[in-house]
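Results of the structural survey
Below, each chain spelled out in residue letters.
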Amino acid sequence: MAEAVAGTRPGTDRARVLAWLREYGVYVSVLALLVFNVAFTPNFLDAANFRTQLVQVAPIVIVSLGMALVIGTEGIDLSVGSVMALAASMVVLYLGYGAWPAILVALAAGALVGAAGGGLVAYVGVQPIVATLALLVGIRGLANVLVPQLRDFRSPTLITLGSDSVAGVPYVVLIAAVLTVAMTFVVRRTTFGRQIVAIGGNRVASELSGLPVKRLLLSVYVISGVLAAGAGVLATARLQAGDPTSLGLFMELSAITAVVIGGTPLSGGRIRVVGTVMGAMLIQLLQATLIKHDLPRSWAQIVQAVIILAAVYAAGNRGGR
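Rules behind the numbers
All residue numbers refer to positions counted from 1 along the written sequence of the respective chain. With the structure being a predicted model, the display of local features is reserved for residues of pLDDT at least 70 and the display and counting of side-chain atom pairs for 80 or more, all residues being used for whole-chain, interface and lining totals. To obtain the side-chain values, all non-hydrogen atoms of the structure were included, while hydrogens and water were left out. Each cavity reported here is a set of points on a 1 Å grid over the protein atoms alone in which a 1.4 Å probe fits but cannot get out, each pocket an open set with protein on both sides within 12 Å along at least five of seven lines, and each lining residue one with an atom within 4 Å of a point. Grid points are joined across faces, edges and corners, and a volume is the space filled by probe spheres set on the points. To qualify as a helix, a DSSP run of H or I must reach at least 4 residues; to qualify as a strand, a run of E must reach at least 2; elements of each kind are numbered from the N terminus. Residue classes follow a fixed rule: Ala, Val, Leu, Ile, Met, Phe, Trp, Tyr, Cys and Pro count as nonpolar, while Asp, Glu, Lys and Arg count as charged, and any other residue, Gly among them, counts as polar. The nonpolar core is taken to be a set of buried Ala, Val, Leu, Ile, Met, Phe, Trp, Tyr and Cys residues, with the residues joined through side-chain atoms within 4.5 Å. Only protein chains enter the area calculation, which uses a 1.4 Å probe; residues under 20% of their type maximum are buried, those over 50% are exposed, and those in between are partly exposed. With axes taken as lines fitted to C-alpha atoms, and helix axes fitted only over the stretch in contact, angles between N-to-C directions fall between 0 and 180 degrees. When an angle is under 35 degrees it counts as roughly parallel; over 145 it counts as roughly antiparallel; between 65 and 115 it counts as roughly perpendicular; any other value is oblique. What makes two residues a contact is simply this: any of their non-hydrogen atoms within 4.5 Å. Within 6.5 Å between ring centres, the rings of Phe, Tyr and Trp (the latter by its six-membered ring) count as paired, and their orientation is classed by plane angle as stacked under 30 degrees, edge-to-face over 60, tilted in between. Helix span is expected to be 1.5 Å times the residue number reduced by one. pLDDT expresses, on a scale from 0 to 100, how confident the predictor is about each individual residue. What makes a salt bridge here is a side-chain nitrogen of Lys or Arg within 4 Å of a carboxyl oxygen of Asp or Glu, nothing more. Nonpolar side chains (Val, Leu, Ile, Met, Phe, Trp, Tyr) are joined into patches within 5 Å and like charges within 9 Å, using only residues with over 30% relative accessible area and no salt bridge. The method behind every accessible area is Shrake-Rupley, applied with a 1.4 Å probe, and residues are considered shielded solely by the protein chains displayed.

1. Side note on empty space enclosed by the protein
Counted under the stated rule, the structure contains one cavity of 30 Å³ or more. Considering only enclosed or pocket space, the largest cavity measures out at about 40 Å³ in volume. Around the largest cavity, the lining residues are Thr257, Leu282, Ile283, Leu286, Gln287, Ala300, Gln304 and Ile307. Of all the secondary-structure elements, those providing two or more residues to the lining of the largest cavity are helix H12 (273-292) and helix H13 (297-320). It is H12 that provides the largest number of residues to the lining of the largest cavity, a total of four residues. Residues belonging to the lining of the largest cavity are distributed by class as follows: five nonpolar, three polar and no charged.

2. Topic: the nonpolar core
One finds Met67 and Leu158 to be the most contacted residues of the largest nonpolar core, which totals 70 residues. Here this core gets 13 residues from one element, more than from any other, and that element is helix H2 (residues 47-72).

3. Some words on the layout of surface pockets
Quantified by volume, the largest pocket comes out at close to 690 Å³. Considering the residues around the largest pocket, the lining is formed by 26 residues, among which Ile60, Leu249, Met251, Gln287 and Arg297 are closest to the centre. In terms of residue class, the lining of the largest pocket is built from 14 nonpolar, ten polar and two charged.

4. Quick notes on the packing of helix H6 (residues 156-163) against helix H10 (residues 213-239)
Two elements in contact, H6 and H10, have axes separated by 7 Å at closest approach and are oriented at 100 degrees. Judged by the inter-axis angle, H6 sits roughly perpendicular to H10. Contact residues: Leu158, Leu161 and Gly162 in H6; Val233, Leu234, Ala237 and Arg238 in H10. Here the residues of the contact of H6 with H10 are counted per class, giving five nonpolar, one polar and one charged.

5. So, the packing of aromatic side chains
Inspection of the entire model under this criterion finds three aromatic pairs. On the numbers, 5.1 Å between centres and 45 degrees between planes, the contact of phenylalanine 36 with phenylalanine 40 is tilted. Residue phenylalanine 36 and its partner phenylalanine 40 are both found in helix H1 (residues 2-40); the two are separated by four residues, about one turn of the helix.

6. Let's talk about helix H7 (residues 171-189)
Helix length check: H7, at 19 residues, gives a terminal C-alpha distance of 26 Å against a target of 27 Å (1.5 Å per residue), a fit within 8%. Where H7 is buried, its residues contact H2, H6, strand E3 (169-170), helix H8 (191-201), H10 and H12.

7. Quick word on the confidence of the model for the protein chain
Counting all residues, the mean pLDDT for the protein chain is 88, and 93% of those residues have values of 70 or more. Looking at the elements of the protein chain, mean pLDDT is at its lowest for H13, recorded as 67, and at its highest for helix H4 (residues 99-124), recorded as 97. Every residue in residues 1-6 is under pLDDT 50, and counting partners more than four places away or in other chains gives zero contacts.

8. Observations regarding the pattern of salt bridges
All told, the structure shown has one salt bridge when counted by the stated rule. The partner of glutamate 207 in a salt bridge is arginine 203, and the shortest N-O contact between them spans 3.6 Å. Here glutamate 207 pairs with arginine 203, and both are found in helix H9 (residues 203-208), just four residues apart, close to one helical turn. Judged by relative accessible area, which is 33%, arginine 203 ranks as partly exposed.

9. Observations concerning a nonpolar patch on the surface
Where nonpolar side chains cluster on the molecular surface, the patch consists of Val17, Trp20, Leu21, Tyr24 and Val28 and spans about 480 Å² of accessible area. Mapped onto the secondary structure, valine 28 falls in helix H1.

10. A look at the environment of threonine 257
Here threonine 257 shows up in helix H11 (residues 251-261). Spatially, the C-alpha atom of threonine 257 lies 7.6 Å from that of isoleucine 307, the residues being 50 residues apart in sequence. The residues touching threonine 257, leaving out its near neighbours within four places in the chain, are Gly262, Ile283, Gln304, Ile307 and Ile308.

11. Topic: the side chain of threonine 132
Inspection of the secondary structure assignment puts threonine 132 in helix H5 (residues 128-146). The residues contacting threonine 132, other than those within four sequence positions of it, are Ile76, Asp77, Leu78, Ser79 and Tyr221.

12. What about unusual backbone geometry?
The residue alanine 167 is not glycine, and still its phi comes out positive at about 55 degrees. As for its placement among the helices and strands, alanine 167 is situated in the loop between strand E2 (165-166) and E3. With a phi close to 65 degrees, phenylalanine 250 is a non-glycine residue in the positive phi region. Structurally, phenylalanine 250 is set in the loop between strand E4 (241-242) and H11.

13. A short note on H11
Of all the eleven residues making up H11, ten are buried; the element is thus mostly covered by neighbouring parts of the structure. Listing the buried residues of H11 in full gives Met251, Glu252, Ser254, Ala255, Ile256, Thr257, Ala258, Val259, Val260 and Ile261. The first or second residue beyond H11 is glycine 263, which carries a positive phi of 110 degrees.

14. Considering the environment of leucine 142
Among the secondary structure elements, leucine 142 is positioned in helix H5. Separated by 51 residues in sequence, leucine 142 and glycine 193 have C-alpha atoms that sit 33 Å apart.

Next comes the structure, spelled out in structure tokens:
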């Protein structure tokens, strides 16, 4: 008996380590990067640097919040970067009618793309990765057709939205923070949030229990599309230019990474909002650290790939037990 117990201990210890990493690994990683930068990166503690990091991470956070909902249902949305580009095109094309009408059109475009993806997944039965991959390609092409090159513009409203602040906190950061709080409330305190988690946990059981699974899936993809469009609007406002060619490139990978390393499993059934935000912070800090130490951004992409594999491995071990 003693030998049997002793024989199971290494596996038990390994499982505990993996479980601990799933819960707290992203927080430890962010803390480690902060300590490294404080020690070895000149001027890292400057207020201007912190402001820059927060402004740059805000769009990643916003897109990742929508991605977390989708992944929570055991889906995925690869179209978010292209939706950002489409939103930039809409802002440029409709700015002549006023800044707010242009913003509303951009958000509506995001909702339509989300509805297209959600409709294919929920009502047609197309796999999420296939449906949203098609949208990734098609919507990016549409954005480039509408606005084929970088186009500058001047709009007092968008200048305010992209660069002004309240009590020293940029509007883009405030918007990301408000959306984070709202998403946390939705996931933890509302029936809608609990139903989304239930679908990810067991879709068949959710259907048998009477949940409106198809309508909920459609809603999740629409929310993801609107949030991606909102991130595109904020990025466009900060740049004061519409650039559908490059805006949002690889954003889907950053969002998926943030969600997965934040503790939301690709198998669905759980959504970690705060962990997702910390995952986005980790990605931004990693990229900034490499740039500040004169390393190419491609290294950040390599490390990001390793992080995704590690997170998926940890989640897979949980599912295998």
